[in-house]
Amino acid sequence: IRRGMKVLKSPVIPFLFLFAIILITLYVNKDYFFSYSPREVCNIAYWGNAFNEAPEIAKFIRSDTHDTDKIAIMGSEPEIYFYANRMAATGYLYTYPLVEDQPYNIMMQDEMMHEIEKNKPAYLIFCNISFSWLFRPGSPTMIFNWGTKYSGDNYMPVGFADFYSNTGWTIYWKEAIQERKPGGQPDSYIVILKRKPEPNYKL
């Protein structure tokens, strides 16, 4: 630098560089930001999760229950509680700790099972989604074995949401359950179970 010359430190160049990066990012992802619907964006960002299907499931449950009814979700899908505007029959809104490798997993499973049995929710929603449990080899399976028997004894399926990696999610309600793809297990699924009427014993 020559003596006597002033060095100009202009902030313009860094801002131009940052502005160029933003423009390039917007251009490369222009469809994502400006063309796709919120539903399409959700599918792209959270492929395999039932975030777009949760409002439909909740709407069905809300229309078939009273404000005082409780529901239970076996899985980490608390958004269904909020969309349905129904109280939870269990304090476990997220089920990740129940299958984590930690010393209280069995105790937590046992507590969730007893809460559901005690509160007798009008609807039981079972989520067989890997992201909803993060099940891993060696995780305790007591709650799944219990859930199969308890739901079979006390509930009846009124809806299924099936996910196939090549087609996405499809929901089947009541009689339409018969239209589910024959054979072939879906990659993930949600079962919507309604509590069976209590037996009307006569003396």
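That block above? That's the structure.
Residues numbered from 1 in each chain as written. Predicted model: local features only at pLDDT ≥ 70, side-chain atom pairs only at ≥ 80, totals over all residues. Heavy atoms only, no water.

**Details of the overall build of the chain**
Scanning the chain from N- to C-terminus turns up 9 helices and 6 strands. The buried share of the chain, taken over its 203 residues, is 39%. Expressed as a percentage of contacts within the chain between residues at least 6 apart in sequence, the contacts between residues at least 24 apart total 62%. Of the roughly 13500 Å² of accessible surface on the chain, 60% is carried by carbon and sulfur atoms. Taking the average place of the 21 positive charges on the side chains of the chain and the average place of its 21 negative ones, the gap between the two points comes to 10 Å. (Helix = DSSP H or I, 4+ residues; strand = E, 2+ residues; numbered from the N terminus. Buried < 20%, exposed > 50% of the residue type's maximum accessible area, 1.4 Å probe, protein only. Contact = heavy atoms within 4.5 Å. Areas by Shrake-Rupley, 256 points an atom, 1.4 Å probe, with all protein chains shown as cover. Lys, Arg positive; Asp, Glu negative; His and termini not counted. Charge placed at Lys NZ, Arg CZ, Asp CG, Glu CD.)

**A look at the environment of Gly152**
For Gly152, the position within the fold is in helix α9 (residues 142-154). Along the chain, Gly152 and Trp169 lie 17 residues apart, while their C-alpha atoms are 24 Å from each other.

**Some remarks on the pairing of strand β1 (residues 70-74)**
Among the 5 residues that make up β1, 4 are buried, leaving the element largely enclosed by the rest of the structure. As paired elements, β1 and strand β2 (residues 87-88) share 2 bridges and run parallel to each other. Residue pairing for β2: Ile71 is matched across the bridge by Ala88. Taken together, β1, helix α5 (residues 79-84) and β2 form a β-α-β motif whose crossover is right-handed. Bridge analysis of β1 against strand β3 (residues 123-128) gives 4 bridges, and the strand direction is parallel. Bridged to Met74 within β3 is Phe126. (Pairing = 2+ DSSP bridges. Right-handed = clockwise from strand over helix to strand, strands pointing away.)

**Here's the deal with the environment of Glu100**
Looking at the element boundaries, Glu100 is found in the loop between α6 (96-99) and α7 (105-119). Between the C-alpha atom of Glu100 and that of Trp133, which follows or precedes it by 33 residues, the distance is 9.1 Å.

**So, the pairing of strand β5 (residues 168-173)**
By the criterion of burial, β5 is predominantly enclosed, with 5 of the 6 residues buried. When strand β4 (residues 155-164) meets β5, the two strands line up antiparallel, connected through 6 bridges. Paired with Asp162 across the two strands is Thr170, which belongs to β5. Taken together, β4 and the strand that follows it, β5, pair antiparallel across an intervening segment of 3 residues.

**A word on the sheet that holds strand β6 (residues 188-195)**
Strand order in the open sheet made by the 6 strands is β2-β1-β3-β6-β4-β5, with mixed pairing throughout. Looking at the sheet topology across the chains shown, the edges are occupied by β2 and β5. Packing of helix α4 (residues 54-63) onto the sheet brings it into contact with β1, β3, β4, β5 and β6, and relative to β5 it is tilted by some 15°. Across the face of the sheet, α7 comes into contact with β1 and β3 while running at roughly 150° to β1. (Axes fitted to C-alpha atoms, helices over the stretch in contact; angles between N-to-C directions.)

**A closer look at a nonpolar patch on the surface**
Among the surface-exposed residues, Phe15, Leu18, Phe19, Ile22, Leu23, Leu26, Phe33 and Phe34 lie close enough to one another that they form a single nonpolar patch of about 830 Å² accessible area. Of all the elements in the fold, those that place two or more residues in the nonpolar patch are α1 (12-28) and α2 (30-35). Top contributing element to the nonpolar patch by residue count: α1, with 6 residues. By the secondary structure assignment, Phe15 is in helix α1. We classify Phe15 as exposed; its relative accessible area is 58%. (Patch = residues over 30% accessible without salt bridge, like charges linked within 9 Å, V, L, I, M, F, W, Y side chains within 5 Å. Salt bridge = Lys/Arg side-chain N within 4 Å of Asp/Glu carboxyl O.)

**Some thoughts on the pattern of salt bridges**
Working definition: two side chains of opposite charge can pair if their charged atoms are close together. Across all of its chains, the model carries 5 salt bridges by this definition. The salt bridge partner of Asp64 is Lys194, with a shortest N-O separation of 3.0 Å. Of this pair, Asp64 sits in the loop between α4 and β1 while Lys194 sits in strand β6; the two residues are 130 residues apart in sequence, bridging distant segments of the chain.

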